Amino acid sequence: MSAYLGLFFSAFLASTFLPAFSEVTLGALLVQGHSPWPLWLVATSGNTLGACVNWALGVYCRSFENHPRFPIRADKIERAGALFNRYGKWSLLFAWLPIVGDPLTFIAGTTRLKFVWFVALVGTGKGARYAVLILLAQTILE
């Protein structure tokens, strides 16, 4: 149970703005012989939930955007939102990408994208990523 909990928190942190690498934890658990599909479910759930934190922060930050000490200027938030809207909510399928994924989930919150769409798209993208990682790891381990 502790292995799955560790994977969940590793995946959760990896999906926030904090530096973490869930792939290492996932790979180690696969090498130890854990069943891949429960690992997939735990990693996908943790990573998607971490992205939901970014979305909530994006929603919440809009109430502070005109405060003089707020670190992000309102015009920058508007430009990022316009760019997000240009490519649409479907860009969230790529929220698993390094560097751009975390800000993408944050900006989705600032645009107040419906949470149902957010979870569906982010979860699909992150689930597909972990499925590919597991399949690659199994191929290497065989």
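Residues numbered from 1 in each chain as written. Predicted model: local features only at pLDDT ≥ 70, side-chain atom pairs only at ≥ 80, totals over all residues. Heavy atoms only, no water.

K.L.:
Help me understand the overall build of the protein, please; the structure alone is not making it clear to me.
P.N.:
Each helix and strand in the protein was counted, giving six helices and zero strands. Sequence-ordered secondary structure for the protein, helices as α and strands as β, is α-α-α-α-α-α. In terms of principal-axis extent, the alpha carbons of the protein reach across some 55 × 30 × 25 Å. Relative to its full complement of 142 residues, the protein shows a buried share of 41%. Of the contacts formed within the protein by residues at least 6 apart in sequence, a portion of 72% connects residues at least 24 apart. Of the charged side chains in the protein, 11 are positive and 6 negative, and the gap between their average positions amounts to 8 Å. (Helix = DSSP H or I, 4+ residues; strand = E, 2+ residues; numbered from the N terminus. Buried < 20%, exposed > 50% of the residue type's maximum accessible area, 1.4 Å probe, protein only. Contact = heavy atoms within 4.5 Å. Lys, Arg positive; Asp, Glu negative; His and termini not counted. Charge placed at Lys NZ, Arg CZ, Asp CG, Glu CD.)

K.L.:
Would you mind showing me how to read the pattern of salt bridges here?
P.N.:
Side chains carrying opposite charge are able to pair once their charged atoms draw close together. Throughout the structure, instances matching the rule amount to two salt bridges. Measuring nitrogen to oxygen at the nearest pair gives 1.9 Å for the salt bridge that ties E23 to R129. Pair noted here: E23 is in helix α2 (residues 22–31) and R129 is in helix α6 (residues 115–141), with a separation of 106 residues, a long-range link. Classification of E23 by relative accessible area gives partly exposed; the value is 32%. With its nearest N and O atoms 2.4 Å apart, the salt bridge here joins E78 to R62. (Salt bridge = Lys/Arg side-chain N within 4 Å of Asp/Glu carboxyl O.)

K.L.:
Please clarify how the packing of helix α3 (residues 36–61) against helix α5 (residues 101–110) should be interpreted in this entry.
P.N.:
The packing of two helices is summarised by the inter-axis angle and the distance between the axes. At their nearest, the axes of α3 and α5 sit 6 Å apart, and the two run at 45° to each other. Relative to α5, α3 is oriented oblique. In the crossing of α3 with α5, the sense of the turn from one axis to the other is right-handed. Side by side, α3 and α5 meet where A51, N54, W55, L57, G58, V59 and C61 of the first sit next to D102, T105, F106, A108, G109 and T110 of the second. Here the contact of α3 with α5 is built from residues that sort into seven nonpolar, five polar and one charged. (Axes fitted to C-alpha atoms, helices over the stretch in contact; angles between N-to-C directions. Parallel < 35°, antiparallel > 145°, perpendicular 65-115°, else oblique. Left-handed = near helix turned anticlockwise from the far one by under 90°. Nonpolar A, V, L, I, M, F, W, Y, C, P; charged D, E, K, R; others polar.)

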